[in-house]
Amino acid sequence: MAARLYERYNAEIKPALQAEFAKNAMLTAKLEKVVISVGAGEAMKDTKLMQNIQDTISLIAGQRAIQIIAKKSVAGFKVREGMPVGVKVTLRGETMYNFVDKLCSIALPRVKDFNGLDRNGFDGRGNFNFGLDEQLMFPEVVYDDIIKTHGMNISITTSTDSDKEAFRLLELVGIPFTKGRA
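Residues numbered from 1 in each chain as written. Predicted model: local features only at pLDDT ≥ 70, side-chain atom pairs only at ≥ 80, totals over all residues. Heavy atoms only, no water.

## With respect to the overall build of the chain
To keep it simple, the criterion reads: Think of it this way: any DSSP run of H or I at least four residues long counts as a helix, any run of E at least two long counts as a strand, and we number them from the N terminus. To get the radius of gyration, use the C-alpha atoms; to get the globule rule, take the number of residues to the power 0.38 and multiply by 2.2 Å. In this analysis, two residues are considered to be in contact whenever any of their non-hydrogen atoms come within 4.5 Å of each other. Method for areas: the Shrake-Rupley scheme with a 1.4 Å probe, in which residue coverage is limited to the protein chains shown. Asp and Glu are treated as the negative residues and Lys and Arg as the positive ones, with His and the ends of the chain left uncounted. For this purpose, a charge sits on NZ of Lys, CZ of Arg, CG of Asp or CD of Glu.
Helix and strand content of the chain: 4 helices and 5 strands. For the chain, the N- to C-terminal ordering of α and β elements is α-β-α-β-β-α-β-β-α. Here the chain has a C-alpha radius of gyration of 18 Å; the compact-globule value for 182 residues is 16 Å, and the two agree. Overall, the chain is about 55 × 35 × 30 Å in size when its C-alpha atoms are taken along their principal axes. Pairs at least 24 apart in sequence give 67% of the contacts found in the chain among residues at least 6 apart. Roughly 10,300 Å² of accessible area belongs to the chain as shown, and the carbon and sulfur atoms make up 50% of that amount. Charge centroids of the chain, computed over 25 positive and 22 negative side chains, lie 5 Å from each other.

Set out below in structure tokens:
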């Protein structure tokens with residue numbers, strides 16, 4: 001699955017981007033990494049729920065997720081230094097292409113009333129960020145194993161600094177965007 005997307009990138013997507021943006025092969029936009037993160041919220045006090053979130057994200061990503069530990073105490077949020085505050089996993093290489101392919105072809109089409117991802121998720125430096133409301137859209141997740149549903153943030157980092165190039169790259173990769181102005 002992942003090899004197909006990477007092969008398609010080299011065979012079709014990269015030449016199309018080179019022709020469109022008139023750059024040499026080394027400056028052509030490509031995917032660098034994908035970060036999947038979950039903020040724990042009230043789950044940070046429940047170690048069993050934190051472990052369940054970590055296991056779920058690891059299952060979705062195909063790579064072991066790590067718990068994020070608070071570096072400072074914040075009284076307003078009732079967070080103490082050393083408490084787990086979230087879970088994240090960074091994907092690169094083959095697992096990244098595997099996840100993006102699964103996200104575009106399997107997970108996002110399973111979302112009810114899905115019209116595409118918002119085009120305003122670009123940060124001005126060629127990176128795209130979006131959030132998902134629940135983890136149940138992924139086929140690996142078993143509903144009976146979930147203690148509590150949670151959302152996740154997905155950040156796709158590209159090698160370009162231009163949002164226009166990054167948008168075109170992600171569009172060619174297969175990420176569904178909403179119709180309308182770019």
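## Quick word on the layout of surface pockets
As a reminder of what qualifies: In the cavity and pocket records, a cavity denotes points on a 1 Å grid over the protein atoms alone where a 1.4 Å probe fits but cannot get out, a pocket denotes an open set with protein on both sides within 12 Å along at least 5 of 7 lines, and lining residues are residues with an atom within 4 Å of a point. Grid points are joined across faces, edges and corners, and a volume is the space filled by probe spheres set on the points. Asp, Glu, Lys and Arg are counted as charged, while Ala, Val, Leu, Ile, Met, Phe, Trp, Tyr, Cys and Pro are counted as nonpolar; the rest, among them Gly, fall into the polar class.
What the largest pocket holds in volume is close to 170 Å³. L108, R110, V111, F114, L117, G131, L132, D133, E134 and M137 together form the lining of the largest pocket. Among the residues forming the lining of the largest pocket, the class breakdown is 6 nonpolar, 1 polar and 3 charged.

## A look at the environment of M44
Condition: Each residue's exposure class comes from its accessible area (1.4 Å probe, protein chains only) as a fraction of the maximum for that residue type: buried when under 20%, exposed when over 50%, partly exposed otherwise.
Examined against the element boundaries, M44 turns out to sit in the loop between β1 (31-39) and α2 (47-61). The class for M44 is buried, based on a relative accessible area of 13%. Separated by 35 residues in sequence, M44 and V79 place their C-alpha atoms 8.7 Å apart. When neighbours within four sequence positions are excluded, M44 is seen to be in contact with M50, F77, K78, V79, M83, P84 and V85.

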